[in-house]
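# Examining the three-dimensional arrangement
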Amino acid sequence: MKNIKRILMVALILCIILLIGACGKSTKENDESLKDSKDSQDSGSNYVVGFCNYTVSNSWQTQMEAEFKYACERLIEEGVLSKYYITNADGDANKQISDFKDLMTKKCDAIIITAASASALSPVCEEAVDEGIVVVSFDSLVDTSEITGKVSCNDVEFGEIGAQFIADSIGGKGKIAMLDGIAGSTCSEGRTEGAMNIFNKYPDIEIVNQTNADWDYAKAKVVVEGLLNSGIELDAIWSQGGAMTQAAVDAFNEAGKSLIPMSGEASNGFLKVWKENLDNGFSSICPGYPTYISEVALEQAIRALNGETIEDLYVLPSGSIGDEDIDDYYNPELPDSYWVITHLTDEQVKEIFK
Amino acid sequence: MTFKVRFVNHYKRRRDIYNIYALLLLFVIISSILDKDFLTLRNLTNIFTTNVPFLIAAYAQTIVILIGGVDLSIGACISLVTCIMATIGTEGGWWSAMPGIFISFLVCAVLGFMKGILITKFGIQALIATLSISLIIGGFSLAILDKPGGNVSKEFSKPFSSDISLFIICTIIFILIWFMLNYTKFGKYIYAVGGNSLSAYSAGINVDVVKISGFILSGFLIALAGVVSAASMRSGDPTSGEPLTLKSLTASIIGGASFSGGKGYIECTFAGVIIFAIINNILNLLGVSTFYQYIAQGLLLIFAIAITSIQDK
């Protein structure tokens, strides 16, 4: 009896795992048949590319991965690519190393990577380059110069844009609070570094509080409520994330305090809050990373595959939205988590966030 | 112990091992049917070498589970070791990494001792004690390295994390643990204490000493996992080890280790780790979305636990 149960169990689970594998396999085979049909039409270059992603834990990353996917599908139709792979390490540097090696096993001609850890992924990237694979690192960069190219958005610049706005709007003098991202993340440290570059130029700006609110609405709200309760009169808040600024605005409104200048980030949700509070005298700026950075990295990789020389470091300019530009970017029909500096069409965005 | 009882025990033990290796074989067969790149030397080497820290961490977890505990601080300790390795002796020949290695082993052994003391002498549950230790160590790691970085001497890390040396390290470690658990008094004590600490106590075994020693031994393994991890990343990372806590737990349980203690085999944990690694690998090779990897991992875990509990009935 025990044995029968056990055998049934094994059979059941294996079926499920096989099924999962088969689902994946069938979509890939579709890709291949697509490739074959393309082959007969034109002789494209038919590269295989891989995207070694480290996480899709937030909507920016989801949208960024989607930009890559749509760009690949377009390039497959154009006959430039034959196949693409996406791996995801869920923030685990060790898993990302093995993901990267899996992409090498699949004989990718080019791999673009956004790294869970700047240093940890360097050895494996160098190994791939030694084998003649084009490696382009973007967003969260790897810490080695021995790769084909890098594409970055400048974290420091992001921090500086927000901080300069804060300094200007309070006349270079006053008490401010800083809401940082996750302690230890390259992005958070870079943005904070940028902000400090600016604030250090203004001796009269006093930083009364600096907290890692992890880009999280709930955590930021607790911090700002605490500051409001402590009786400190803040003049401005420098925040490095849209959700955190949104939380700060809500905390101020709930406490019945008049709004002070706060820096934000280019998400649809934040633009909504900003637009709603424009009449209350709320002023902000939002620097934003374009989500199409993955597409830019892919284009760089393909240029390199085609034998062109590419820049060692291509810095994609941070977009920035001011009080007067809101209507150009804000789309009330799309969800809050949508990032407005994008190449995706509204339909594609709806598809992702459905 | 009569011959019959001994034979039955032997058979039970063999059955656990046969089951898990049969499962492993099935996975290998299915995977090689699904993707032609799976059964290549290169891919099999990758599966093994990229999971060495995971493998050693799982051994550490298995030993703790055997003595009836659980260690939720394994990941944090590994992160700490990578931070230590990346800040001490960062330049120079292979010997420059030695002070870092020495300190790492010392720190992990002391931490293991502390965990053991908290659990045995203060009577704190293993779950709580190791969770608190994990938080404290996480803070220390961030204090040493606030973001991934630092450097581990290339002269040390390149040869140390090469495929061949990883194979040698894993083989030696496996044989040592396997020998210790099966053929030494200490190994028998570990199974006795985990199985039933009261009867172990009445049989004259110093339960507390065995538990504390188990945690110290597990500490040494954690340090080794951290050193391998630091060498393969050639740097430190204050958070890189975190996923290993749950992964090591999962692999131990897939391998049939029981939370009630006293049951589990090192050779099964090895198979558990490799099965876990194969799932990720094959789904990557097939280009299946990562989300399904979690589903597969979850199913595997439920399956493994169900098997163990059916067998225990």
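Residues numbered from 1 in each chain as written. Chains lettered and ligands numbered in written order. Predicted model: local features only at pLDDT ≥ 70, side-chain atom pairs only at ≥ 80, totals over all residues. Heavy atoms only, no water.

With that settled, the discussion passes to the overall build of chain B. For chain B, the helix and strand inventory stands at 14 helices and zero strands. Going from N to C terminus, chain B has its helices and strands arranged as α-α-α-α-α-α-α-α-α-α-α-α-α-α. The C-alpha atoms of chain B give a radius of gyration of 20 Å, which matches the 20 Å a tight globule of 313 residues would have. Once the C-alpha set of chain B is aligned to its principal axes, its extents read approximately 60 × 50 × 30 Å. For chain B, with 313 residues in total, the buried portion stands at 57%. (Helix = DSSP H or I, 4+ residues; strand = E, 2+ residues; numbered from the N terminus. Rg over C-alpha atoms; globule rule 2.2 N^0.38 Å. Buried < 20%, exposed > 50% of the residue type's maximum accessible area, 1.4 Å probe, protein only.)

Tallying the contact residues gives 51 residues for chain B and 45 residues for chain A. Buried surface at the junction of chain B and chain A, summed over both partners, amounts to about 4400 Å²; 60% is from carbon and sulfur atoms. Contact with chain A buries surface across chain B, with R42(B), N284(B) and I310(B) losing the most and accounting together for 13% of the total. Where chain B meets chain A, there are six salt bridges. Across the pair K106(A) and D35(B) runs a salt bridge whose closest N-O atoms are separated by 2.9 Å. (Contact = heavy atoms within 4.5 Å. Buried area = accessible area lost by both parts, 1.4 Å probe. Salt bridge = Lys/Arg side-chain N within 4 Å of Asp/Glu carboxyl O.)

The full count for this structure, using the stated rule, is 15 aromatic pairs over all chains. Their ring planes at 5° and their centres at 4.6 Å tell us that F48(B) and F167(B) sit as a pair that is stacked. Placement of the pair is F48(B) in helix 2 (residues 41–49) and F167(B) in helix 8 (residues 163–183), with a sequence separation of 119 residues. Judged by relative accessible area, which is 37%, F167(B) ranks as partly exposed. Ring geometry for Y59(B) and F174(B): centres 6.4 Å apart, planes at 55°, overall tilted. Taken together, the residues span a long stretch of sequence, with Y59(B) in helix 3 (residues 52–66) and F174(B) in helix 8 at a distance of 115 residues. Connected via pairs of aromatic rings, a cluster forms that spans F51(A), F68(A), Y84(A) and F138(A). The residue whose ring lies beneath K69(A) is Y70(A), and the NZ or CZ to ring-centre distance is 5.9 Å. Above the plane of the ring of F158(A) lies R191(A), whose end atom (NZ or CZ) is 3.7 Å from the centre. (Phe/Tyr/Trp six-rings, centres within 6.5 Å; stacked < 30°, edge-to-face > 60°. Lys NZ or Arg CZ within 6 Å of the ring centre and 35° of its normal.)

Residues and elements named next belong to chain A. Phi is positive for D90, close to 50°, though the residue is something other than glycine. By the element assignment, D90 lies in the loop between strand 2 (81–88) and helix 3 (93–105). We classify D90 as partly exposed; its relative accessible area is 45%. Even without being a glycine, K107 presents a positive backbone phi close to 55°. Here K107 is to be found in the loop between helix 3 and strand 3 (110–113). By relative accessible area, which is 55% here, K107 ends up exposed.

This brings us to the domain arrangement of chain A. Annotation of chain A at the domain level lists domain 1 (31–147 + 291–318) and domain 2 (155–288). Taken over C-alpha atoms, the centre of domain 1 of chain A sits 34 Å from the centre of domain 2 of chain A. (Domains from an automatic or database assignment.)

As a general point, the strands of a sheet are linked pairwise by backbone hydrogen bonds and lie either parallel or antiparallel. Residues and elements named next belong to chain A. The strand order across the open sheet built from six strands is 2-1-3-4-5-11, with neighbouring strands paired in parallel fashion. Either end of the sheet is taken by a strand with one partner, and the two such strands are strand 2 and strand 11 (313–316). Neighbouring strand axes in the sheet, compared pairwise and without regard to direction, differ in orientation by 15° on average. Taken together, the four bridges between strand 5 (residues 149–153) and strand 11 define a ladder with parallel strand orientation. The residue bridging K150 from the neighbouring strand is L313, located in strand 11. Along the sheet, helix 10 (residues 293–305) contacts strand 1 (47–53), strand 2, strand 3, strand 4 (134–138), strand 5 and strand 11; its crossing angle with strand 4, the most-contacted strand, is approximately 155°. (Pairing = 2+ DSSP bridges. Axes fitted to C-alpha atoms, helices over the stretch in contact; angles between N-to-C directions.)

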